[in-house]
Amino acid sequence: MRLRARHYRTGQMLDFVCEQGRIVYMEPVGRERVDQEAEWVAPAFCDVQVNGCDGISFNSDALTAEQIQHVVEVCTRHGIAQLCPTLVTASHDALVHGFRTIHQACERDAELRRAIVGIHLEGPYISPEDGPRGAHPKAHVRPADWEEFCRFQDAAGGMIRMVTVAPEVPGAIAFIEKAKQTGIVVALGHTGAAGTHIRDAIRAGARISTHLGNGSHAVLPRHENYLWEQLAADGLWASMIADGHHLPDTVMRCMLRVKTPARMVLTCDASPLAGSPPGKYAQWEHEFEVVSPSPPSPLPRRGEGRSCKIVVAGTPYLAGSWAFTDLCVRNVLRLGETSLAETIDMASNQPRALLGLPPRRLEIGEPSELILFDAGPERDFQLRATIVGDQFIEPWL
C-alpha cells in the first residue's frame, strides 16, 4: 500500500509504503503512483475510555466476543487503532463477566489483542453523592477493596491497566499505593474530595484525572474545590472530553493552558449509546436519553462536526459521549490553543505514554497504524482513512 501525505510534525510531503503491517519505505515524494493520498498522515488514535457504542455496553451481563469486535471495528472507522474498553460501576458478577469475556475474546482473536491495549475500570470505588457519581448506579458504589480488585484482575487475565477511584472513599489511599506497586495507572475521578485527599492520592501514586471537569457537583465553592486542586497539581495529568457537550470552550482553553499538551490526554468517553438515534433507552439500570443537536436532525452525520448529547433521562447529568475521538480532535483544533502535532499526540502518543506503551512514530519499521486526514487554517479536521496493518479503512459517515 503506497500512501502520500505530509508528516504531521514536519509538514514534509512524503511517500510511504506499508507492507505486512509495517512501514517499509518512507521518502520524499517521487514519481510513482500512489494508492491513497491525503493532506496529512499521523499515528492513529489510542483512546483510554471507550464504554461501547451502537447499543453495546462493555458492562452488559450478556456481552459477547462478536459485540466487542463490532465496537473495535466502529472505533477504527473513527481513527482509533487502539483502545481501553471501559467498565463502570456495577455488581461484582457483572464486572467479572465483562472482564472474562474481553480477556477470552482477545485470547482467541489476534486482531482484538492488537487493538485492545488494556481495560479501564471506572469505579465502583467512587463517590456515592449525586453529581460526582454521574450516571454510575448508586446501588453498586462501594469502598475501595483491593481483594475484590485482584479477583477482577484474575478474571481479566491481567488486562486491567487503569482504574478510576475517588480518593475520599474508605480504603482509597491504601488501594492506590497497591495499584501503583503492580503497575496499574490510577486515575482520580467521580470525586467530591477535599484537597487533602487529592494530595494524599497523588503522593500515593495517582497519575491522572479522569475526564476533568465532569463527574462533579453542579455548584462548587469558588476557591477551594477539587477542580482547582487537580488543575494545580503538576504531578497529575488530565483527560478531557472535547465532544462539544461535556466542557465549554473556555474551560477547555484553561485546562490546555494549565496542564499543557505534555500532561493532557484526549478521550471520547464513547457511551454504549454512541451513534444511536435520538430517543429514550431503558436497556440498563437507568433510563438514558439521546438528545438531538441544535439545529435538530434525526441523526447527524458523524463526520459533520455535530454531536448528540446523552443524559440520564430527566436530569442534566451526562452519561458518556455520543461522539468519537476524531470529533474531539476536531473540536480541540478549532480552539487554536495547540498545534496540529500537539493535538494529534494528545489523542495518540500521550495515551500510549500514560499506559507505558512505546510511542508510534512515522519511521521505517514501525507498525502501520496510521490516520490520513485533511486539516488547515480554513478547514476543520476531516478523517480520510485509518490504516491498520495492510487494511485501508474508510471513516464512518
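Residues numbered from 1 in each chain as written. Predicted model: local features only at pLDDT ≥ 70, side-chain atom pairs only at ≥ 80, totals over all residues. Heavy atoms only, no water.

Caption draft 1: Spatial organisation of the overall build of the chain. Along its length, the chain carries eleven helices and 21 strands. A compact globule built from 397 residues would reach a C-alpha radius of gyration of about 21 Å, and the chain, at 20 Å, matches this within 12%. Overall, the C-alpha framework of the chain stretches about 65 × 45 × 45 Å when taken along its three principal axes. By residue count, 58% of the 397 residues in the chain fall in the buried class. Looking at the chain alone, contacts between residues at least 24 apart form 68% of all its contacts between residues at least 6 apart. The averaged location of the 48 negative side-chain charges in the chain is 3 Å from the averaged location of its 39 positive side-chain charges. (Helix = DSSP H or I, 4+ residues; strand = E, 2+ residues; numbered from the N terminus. Rg over C-alpha atoms; globule rule 2.2 N^0.38 Å. Buried < 20%, exposed > 50% of the residue type's maximum accessible area, 1.4 Å probe, protein only. Contact = heavy atoms within 4.5 Å. Lys, Arg positive; Asp, Glu negative; His and termini not counted. Charge placed at Lys NZ, Arg CZ, Asp CG, Glu CD.)

Caption draft 2: Spatial organisation of the sheet that holds strand 4 (residues 36–43). Across the sheet, which stays open at both edges, the seven strands sit in the order 3-2-1-4-19-20-21 with mixed pairing between neighbours. Bordering the open sheet on either side are strand 3 (22–28) and strand 21 (391–393), each of which pairs with just one other strand. Going from strand to strand, the sheet's axes swing by 40 degrees on average, the running direction of each strand aside. (Pairing = 2+ DSSP bridges. Axes fitted to C-alpha atoms, helices over the stretch in contact; angles between N-to-C directions.)

Caption draft 3: A look at the side chain of His246. With respect to the element layout, His246 can be found in the loop between strand 13 (237–241) and helix 8 (249–259). A residue is classified by how much of its surface remains accessible, and His246, at 8% relative accessible area, is buried. Dropping the residues within four chain positions of it, His246 is found in contact with Asn214, Ile241, Asp269, Leu318, Gly320 and Ser321.

Caption draft 4: View of the sheet that holds strand 16 (residues 288–291). Strand order across the open sheet formed by four strands is 15-16-17-18, with antiparallel pairing between neighbours. Looking along the sheet, the strands with just one partner apiece sit at the ends: strand 15 (279–281) and strand 18 (318–321). Across the sheet, the mean angle from the axis of one strand to that of its neighbour is 25 degrees, orientation sign disregarded. As paired elements, strand 16 and strand 17 (residues 309–312) share four bridges and run antiparallel to each other. If you follow Val290 over to strand 17, its bridge partner there is Ile310.

Caption draft 5: Region of interest: the state of the cysteines. Under the definition given, this model contains zero disulfides. As a non-bridged cysteine, Cys18 has Cys46 as the owner of its nearest cysteine sulfur, 19 Å distant. Cys75 carries a free sulfur, and the closest cysteine sulfur to it, the one in Cys53, is 5.8 Å from it. (Disulfide = S-S within 2.5 Å.)

Caption draft 6: Focus on the pattern of salt bridges. Within this structure, the stated rule accounts for 15 salt bridges. Here Asp380 and Arg334 are joined by a salt bridge, their closest N and O atoms 2.6 Å apart. Within this pair, whereas Asp380 is found in strand 20 (residues 379–388), its partner Arg334 is found in helix 9 (residues 325–335), the two being separated by 46 residues in sequence. Relative accessible area serves as the criterion here: at 38%, Asp380 is assigned to the partly exposed category. For Asp374, the salt bridge goes to Arg384, with nearest N and O atoms at 2.9 Å. Taken as a pair, Asp374 in strand 19 (residues 369–376) and Arg384 in strand 20 lie far apart in primary sequence, ten residues in all. Judged by its relative accessible area of 16%, Asp374 falls in the buried class. (Salt bridge = Lys/Arg side-chain N within 4 Å of Asp/Glu carboxyl O.)

Caption draft 7: Molecular detail of the nonpolar core. With 107 residues, the main nonpolar core has Phe99, Ile102, Phe149, Met240, Ile344, Ile371 and Phe373 as its most contacted residues. For this core, the element with the most residues is helix 2 (residues 92–108), which contributes seven residues. With sequence-adjacent residues up to four places away left out, Ile102 is seen in contact with Phe58, Leu63, Ile68, Pro85, Leu87, Ile116, Ile119 and Met159. Core analysis: the next-biggest nonpolar cluster, separate from the first, contains 13 residues, Val117, Met162, Leu354 and Leu357 among them. (Core = buried A, V, L, I, M, F, W, Y, C linked by side-chain atoms within 4.5 Å.)

Caption draft 8: Quick look at unusual backbone geometry. For the bond running from Gly123 to Pro124, omega is 0 degrees, close enough to zero to count as cis. Position of Pro124 among the secondary structure elements: in the loop between strand 9 (119–122) and helix 4 (146–155). If you check the backbone angles, His211 has positive phi at about 30 degrees while not being a glycine. Mapped onto the secondary structure, His211 falls in the loop between strand 12 (208–209) and helix 7 (226–232).

Caption draft 9: Structural view of the pairing of strand 1 (residues 2–7). Note that strand 1 and strand 2 (residues 13–19) share five bridges and pair antiparallel. Of the residues in strand 2, the one forming a bridge with Ala5 is Leu14. What sits between the antiparallel neighbours strand 1 and strand 2 is a turn of five residues, in which Gly11 has the positive phi angle 80 degrees. Bridging between strand 1 and strand 4 involves four bridges; their strand directions are parallel. Paired with His7 across the bridge in strand 4 is Val41.

Caption draft 10: Spatial organisation of the packing of aromatic side chains. Applying the stated criterion across every chain yields a total of seven aromatic pairs. Chaining the aromatic ring pairs together yields one cluster made of Tyr125, Trp146, Phe149 and Phe175. Above the plane of the ring of Tyr25 lies Arg2, whose end atom (NZ or CZ) is 5.5 Å from the centre. The aromatic ring of Trp40 is capped on one face by Arg6, whose charged end is 4.0 Å from the ring centroid. (Phe/Tyr/Trp six-rings, centres within 6.5 Å; stacked < 30°, edge-to-face > 60°. Lys NZ or Arg CZ within 6 Å of the ring centre and 35° of its normal.)

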